[in-house]
Amino acid sequence: MTANSSDEQSKSSLLARLGIRLAINASGNYSDLGGSRYSPHVLAEIAAVNRNFLRMHELLEKSGRHIANLFHAENAHITPGVAAALMLGTAACMVKADPTKSEQLPDTTGLKSEVLIQSGHRQMFDHQVRMSGARLLEVGSPAGVSKDLFEGAFSERTAMVLHPAHLDGKNGTLSLDEVSKIARRHDVPVFVDAAFMSKVPENMPTFLDRGGDLVAFSAKYFGGPNAGGFVMGRGDLISVISKIHFTQYEDGHLKFGRPLKMDRQTVVAVVTALEDWLGTDHNARLSRYRRLATELKRKLQGAPGVVLSPMYFANYETFVPEPVNCLLIEIDQAIAAKSAAEVVKGLETGSPSIIAVLDGSRLAVVMDVISDEELNVVADKLQELLGVPRNRSRADA
Ligand SMILES: *Cc1c(COP(=O)(O)O)cnc(C)c1O
C-alpha cells in the first residue's frame, strides 16, 4: 500500500512536471489514448523479465509457438502491433521464396508485389501494406465486387490479399470464405486484419478455419501493450516473418524489420495479457458494462431533450444494440441545454478531462476501460452539463 502510493506520487509528479493532463477514458481502446491498462499480473511479469537478459530470438520463437498452440494454428509471431504485422506479413508474402530478397525492399523489382483489396474494404490501416513497397490494387467499386471480377484481378504479380475482418460480410463485398477459395486457386495468401476480433475470444481461431493464411490481433484490445500484438497462421509464412523481423541477424543479416524491434518486456506482456484475456469471464465483463450503463442512465434520467440508450459501441465506430458496453446519449438540440459537441467539449475541458465519443448529435460513454470510481466522476459532470434536475438526481441517489 505504501509502496503503491509512493509509486503513484512519483508517477504523478513526473506527469505534473511534464504538464500532462490526466484523462478519464470513456471512449475505449484507442492508440491515441494509450491503448489499454495493464493488470497487476501483467506488470508483475514485466518486472520479472526485466531482471534477466535472454535471447530475443528464443523468446520470440517460443512465445510464438505457445500462442499458436492456444489457437491450434501452425505457428505465430509476436509483433509490435497489427500495423507492424501487416508490414512484415506483406513483405513475407513477397519474398517467401527467398527471404534474403527482403534486403532489396521497398524496391520490389523482380518480386510479386501487388496486394488485392476489395474497394469496400479500404480502411486506414491498409497503408501499412504499402510501407513494405507493395502496391495496393483496389478491386471493384465501393458498391461491390463480383467473384468473377475479383478472380480476374489475380495475376503473376499478385503477392497477397488483404481482408479486414471487421468489414467481412459488408454489403456487396465477398466474404472471407469466398475470397480465400479464389485466392487458394491462385496460390496467393490471404492476410486477415482481425485487430479487435479478440473481443469475442471464440472467434479468434475462426479466421484460420475460414481460409485466412495470416491473421493478426492487436494487444491494445486485450489488455496488452499499445505497441503489441501477434500474427498467426501458415508455418512457412510465419517462418519468413521471423527471419525478416529484427532478431536473426546471424541468418543472412536480414534487416527489413529492424524499425519494428520489440523489448522482452513487451513480448512477455503480450503473452500474459492474452492468457489472462482468454481466461477472463467475459459474461461477467459484459455484465459489468451493462450495470455501469444502466446506473449512468438512471443518474441522467430527467435531463431535458435527451434520449438515453444502453448500446454496443463496436470498435469500428458503429453502434449496435448488443452486447451493451456504453450509454448512447442522443441530444435534441431544440430542447436540450447543450449540443452533443458542447457536452463532449465540456467533458474534455473539465478537470479531470473526460474523453467521450462524439458522433454527430449523439455522444457515448464507453465502459471498456473505465473504473467504477471514474464513472461516478463522469456521471456528476454529465448531470451538470445536461442539466439533470437536482431533486431528481438526489431522490435517485
Ligand atoms: C488498432 C487497429 C489496427 C492497428 O493495430 P496496432 O496494433 O495498433 O498497430 C489495425 N487494424 C484495425 C482494424 C485496428 O483497429
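Refer to the preceding data block for the structure.
Here the structure is a predicted model, which is why all the values come from computation and not from measurement.

Moving on: the site of the ligand. Around the ligand, 13 residues are found, and the nearest of them are Val 82, Asp 193, Ser 218, Lys 220 and Tyr 221. A distance of 2.8 Å is found between an oxygen atom of the ligand and a backbone nitrogen or oxygen belonging to Val 82. At 2.8 Å from an oxygen atom of the ligand is found a side-chain nitrogen or oxygen belonging to Lys 220. Coverage of the ligand by the protein amounts to 92% of the 380 Å² it exposes when considered alone. A per-class count over the shell around the ligand returns 6 nonpolar, 5 polar and 2 charged.

The next point concerns the packing of aromatic side chains. Counted according to the given criterion, the structure contains 6 aromatic pairs. Centroid distance Phe 71 to Phe 230: 6.0 Å. Interplanar angle 15 degrees. Geometry classified as stacked. Linking Phe 71 in helix H3 (residues 56–71) with Phe 230 in strand S8 (residues 229–233), this pair joins segments that are 159 residues apart in sequence. Given a relative accessible area of 0%, Phe 230 falls into the buried group.

The next subject is the side chain of Ser 198. Within the fold, Ser 198 resides in the loop between strand S6 (190–193) and helix H8 (206–209). Relative accessible area serves as the criterion here: at 0%, Ser 198 is assigned to the buried category. Apart from the residues lying within four places of it in its own chain, the contact partners of Ser 198 are Met 204, Phe 217, Tyr 221, Phe 222 and Trp 277.

Looking at the second largest pocket, its volume works out to about 620 Å³. Lining of the second largest pocket is provided by 23 residues; of these, Ser 36, Arg 37, Tyr 38, Ser 39 and Gly 223 occupy positions nearest its centre. Of all the elements in the fold, those that place two or more residues in the lining of the second largest pocket are helix H2 (40–50), helix H10 (264–278) and helix H11 (282–300). Here the residues of the lining of the second largest pocket are counted per class, giving 11 nonpolar, 6 polar and 6 charged.

Time to look at the packing of H11 against helix H13 (residues 372–386). The contact between H11 and H13 brings their axes to 10 Å, and the two run at 25 degrees. Between H11 and H13, the interaxial angle falls into the category roughly parallel. The two elements H11 and H13 cross, and the hand of that crossing is right-handed. On H13, the residues that touch Arg 288, Arg 291, Leu 292, Leu 296, Lys 299 and Leu 300 of H11 are Asp 372, Leu 375, Asn 376, Ala 379, Leu 382, Gln 383 and Leu 386. Looking at the contact of H11 with H13 residue by residue, the classes come out as 7 nonpolar, 2 polar and 4 charged.

Quick look at the environment of Leu 137 now. Along the polypeptide, Leu 137 turns up in strand S4 (residues 135–139). Beyond its immediate sequence surroundings of up to four residues, Leu 137 is in contact with Glu 114, Val 115, Leu 116, Ile 117 and Ala 153.

The next subject is the pairing of strand S9 (residues 306–314). Of all 9 residues making up S9, 7 are buried, and the element is well covered by its neighbours. The sheet contact formed by S9 and strand S11 (residues 326–331) spans 6 bridges and is antiparallel. In the strand pairing of S11, Val 307 is matched with Glu 330. Pairing of S9 with strand S10 (residues 318–320), which is carried by 3 bridges, proceeds in the antiparallel orientation. Bridged to Ala 314 within S10 is Thr 318.

Turning our eyes to something else, we now look at the pattern of salt bridges. Taken as a whole, this structure holds 23 salt bridges when the rule is applied. With its nearest N and O atoms 2.8 Å apart, the salt bridge here joins Glu 138 to Arg 122. Here Glu 138, found in strand S4, pairs with Arg 122, found in the loop between strand S3 (114–118) and helix H5 (127–130); they are 16 residues apart in sequence, far enough to count as distant. For Arg 122, a relative accessible area of 37% puts it in the partly exposed group. In this structure, Arg 210 engages Asp 177 in a salt bridge whose closest nitrogen and oxygen atoms are separated by 2.7 Å. Here Arg 210 is found in the loop between H8 and strand S7 (214–218), whereas its partner Asp 177 is found in helix H7 (residues 176–185), with 33 residues between them in sequence. On the accessibility criterion, Asp 177 (35% relative accessible area) is partly exposed. Overlapping salt bridges bring together Arg 184, Asp 213, Arg 234 and Asp 236 as one network.

The next thing to look at is the sheet that holds S4. Taking strand neighbours across the sheet as the criterion, the 7 strands line up as S2-S8-S7-S6-S5-S3-S4 in an open arrangement whose pairing is mixed. Looking at strand neighbours, the two that pair on one side only are strand S2 (75–79) and S4, the edges of this open sheet. In this sheet, adjacent strand axes meet at a mean angle of 25 degrees when their direction is disregarded. Judged from the 4 bridges that link them, strand S5 (residues 158–164) and S6 form a sheet pairing that is parallel. What sits directly across from Pro 164, in S6, is Asp 193. The sheet strands contacting H7 are S3, S5 and S6, and the helix crosses S6 at an angle near 155 degrees. Strand contacts of helix H9 (residues 235–244): S2, S7 and S8, with the helix running at about 30 degrees to S2, the strand carrying the most contacts.

Scoring rules and cut-offs
Here the residue index of a chain counts from 1 through its sequence in written order. Note on the predicted model: pLDDT of at least 70 is required for a residue's local features to be given, and 80 or more for side-chain atom pairs to be given and counted; whole-chain, interface and lining totals, by contrast, use all residues. The side-chain figures draw on all heavy atoms in the structure; neither hydrogens nor water molecules are used. Here a residue is considered near a molecule or strand provided that any single heavy atom belonging to it is located within 4 Å of it. Identification of polar contacts relies on pairs of N or O atoms within 3.5 Å, with a donor-acceptor requirement for protein atoms, meaning one able to donate a hydrogen and the other able to accept it, and with residues adjacent in sequence counted only if both atoms are side-chain atoms. For the accessible areas, the method is Shrake-Rupley and the probe is 1.4 Å, while residue cover comes only from the protein chains on display. The nonpolar class holds Ala, Val, Leu, Ile, Met, Phe, Trp, Tyr, Cys and Pro. Asp, Glu, Lys and Arg form the charged class, and all remaining residues, Gly among them, are polar. Between 30 and 60 degrees the pair is tilted, below 30 it is stacked and above 60 it is edge-to-face, where a pair is any two Phe, Tyr or Trp rings, Trp via its six-membered ring, whose centres lie within 6.5 Å. Strands are runs of DSSP state E lasting at least two residues, helices are runs of H or I lasting at least four, and both sets are numbered from the N terminus onward. Exposed residues in this analysis have more than 50% of their type's maximum accessible area, buried residues have under 20%, and partly exposed residues fall in between, with area computed by a 1.4 Å probe over protein chains only. In this analysis, two residues are considered to be in contact whenever any of their non-hydrogen atoms come within 4.5 Å of each other. In this analysis a 1.4 Å probe is tested at points of a 1 Å grid over the protein atoms alone, and where it fits but cannot get out there is a cavity; an open set with protein on both sides within 12 Å along at least five of seven lines is a pocket; lining residues have an atom within 4 Å of a point. Grid points are joined across faces, edges and corners, and a volume is the space filled by probe spheres set on the points. Geometry is summarised by axes, namely lines fitted to C-alpha atoms with helices restricted to the contacting stretch, and by angles between N-to-C directions that run from 0 to 180 degrees. If an angle is under 35 degrees, it is roughly parallel; if it is over 145, roughly antiparallel; if it lies from 65 to 115, roughly perpendicular; otherwise it is oblique. Crossings are classed by handedness, with left-handed meaning an anticlockwise turn of the near helix from the far one by less than a right angle and right-handed meaning a clockwise turn. A strand pair is defined by DSSP finding two or more bridges across the two strands. Within this document, salt bridges are pairs made up of a side-chain nitrogen of Lys or Arg and a carboxyl oxygen of Asp or Glu, the two lying within 4 Å of each other.

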